[in-house]
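Residue-level structure breakdown
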Amino acid sequence: YSYSCTEGENRQLWSSGHHLKSCRDVAFSQDGQKLFTVSKDKSIHILVVEEGRLETRFPKAHSSALNCVLPIDNHIFATGDDDGALKVWDLRKGDAILEAREQEEYISAMAVDGNGKILLTASGDGTLGVFNVKRRRFELLSEPQNGDLTSVVLLKRGKKVACGSSEGTIYLFNWDGFGAASDRFALRAESVDCMVPITDSIVCVGSLDGVIRAVNVLPNRVLGCVGQHLGEPIEQLAVAPGGRLLASCAHDQKVKFWDVSALGGLVVDDYRKKKKKGVPLRALSRKAAGSGEDFFADLRDEAEPEPAAGSGGDDGSDSD
């Protein structure tokens, strides 16, 4: 699709029906020229973005249904499947250069450091996997956390890693200490289904309750609501180039765009003011309030999290 903030200017450019079963994940290449797609049919497709032409196909890439894909550079990309298997591929060789199955459940999400060296995998078994792409080997597995790990992002200039869980908790790891979580932050959300970094300290989190929350990490605060798909679980979030727009898609079959440009200017203090219980989430964008009372009615029991978690607040030091 070509998208625009002007009414009526969004349009479909092309569509592809090459996969035999549901398409599980899509990702643009680093240069934006190619689109990687993985499917329940166990295949990987690479399409040319301009015309939607299928350029490369790996028909039986994994022995199980594929769940996620992550381009690492212009030649290397990684895939994860439903049985916890990871493969790293080199397009120049046309084959996998690393294969591992260290996790027991599906690979839900992946992230890589700025050097394209260390690959992190979040799994449904509650563990975070660490792999060395350059040396083509498995490094270590974290202790299992509560619930499925659903997402993984790098924060604090690569010094911290945050993982979301199906239990509604964000787990934090130090870059040199992946064995055990260094901190945890329980949101008053049913789950953390997807997560995307906006700044070095702020992430946007999509949940089963259809609310997109802006969360500051260290100090841990729920800053407020960026937007929502009323009553529909949020499947995926993405930030547009430039960082001004956040895109979200949910079970309502809609893609919505939210202005998150103000998040970079929010300041968060270590000191947490005590809030009254039942106070609704603060709206962080013009349309975040949804349809007024209907939206906030679901948030009336958004109680104050435990001291270790924290909630609300936007005063004090710089968030970066």
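Residues numbered from 1 in each chain as written. Predicted model: local features only at pLDDT ≥ 70, side-chain atom pairs only at ≥ 80, totals over all residues. Heavy atoms only, no water.

Stated formally: UniProt positions are given in the numbering used here, feature names are shortened, and annotations may be inferred rather than shown by experiment.
With an unreviewed UniProt entry as reference, the chain is termed WDR55 protein, source organism Pluvianellus socialis. The chain has a UniProt comment under Sequence similarities (unreviewed entry) that states "Belongs to the WD repeat WDR55 family."

**A word on the environment of S182**
What counts, and what does not: Secondary structure follows DSSP: runs of H or I at least 4 residues long count as helices, runs of E at least 2 residues long count as strands, and numbering of each begins at the N terminus. Residue exposure (1.4 Å probe, protein chains only): buried if accessible area is under 20% of the type maximum, exposed if over 50%, otherwise partly exposed.
Among the secondary structure elements, S182 is positioned in the loop between strand 15 (169–174) and strand 16 (183–186). Overall, the relative accessible area of 38% leaves S182 in the partly exposed class. When the C-alpha atoms of S182 and Y171 are compared, they prove to be 7.7 Å apart, with eleven residues separating the residues in sequence.

**Notes on the pairing of strand 12 (residues 137–141)**
Spelled out, the test is: The rule for pairing is simple: two strands pair if DSSP sees at least two bridges between them.
As paired strands, strand 11 (residues 128–132) and strand 12 are joined by four bridges and run antiparallel to one another. For V130, the partnering residue across the bridge sits in strand 12 and is L140. Joining the antiparallel neighbours strand 11 and strand 12 is a turn of four residues, in which R136 adopts a positive phi near 55°.

**Quick notes on the sheet that holds strand 2 (residues 34–39)**
Paired through their backbone hydrogen bonds, the strands of a sheet run either parallel or antiparallel. How we decide: Throughout, an axis means a line fitted to C-alpha atoms (over the contacting stretch in the case of helices), and angles, computed between N-to-C directions, take values from 0 to 180 degrees.
Pairing within the open sheet is antiparallel, and its four strands lie in the order 1-2-3-4. In this open sheet, the two edge strands, each paired with only one partner strand, are strand 1 (23–28) and strand 4 (54–58). Between one strand and the next, the sheet's axes are offset by a mean angle of 20°, whatever the strand orientation. Here five bridges tie strand 1 to strand 2, and the two strands are oriented antiparallel to one another.

**Focus on the environment of F36**
Condition: Note on contacts: a residue pair qualifies if any of its non-hydrogen atoms lie within 4.5 Å across the two residues.
You can see F36 is positioned in strand 2. Residue F36 is classed as buried on the basis of its relative accessible area, which comes to 2%. Distance in space between the C-alpha atoms of F36 and V26 is 5.5 Å, their sequence separation being ten residues. Leaving out residues up to four positions away in the same chain, F36 has contacts with D25, V26, A27, S29, H45, I46, V69, P71, F77 and L91.

**Here's the deal with the UniProt feature "repeat: WD" (unreviewed entry) in the chain**
As recorded in UniProt, the sites labelled "repeat: WD" (unreviewed entry) are residues 59–99 and 234–261. In residues 234–261, helix accounts for 0% and strand for 61%; the two terminal C-alpha atoms are 21 Å from one another.

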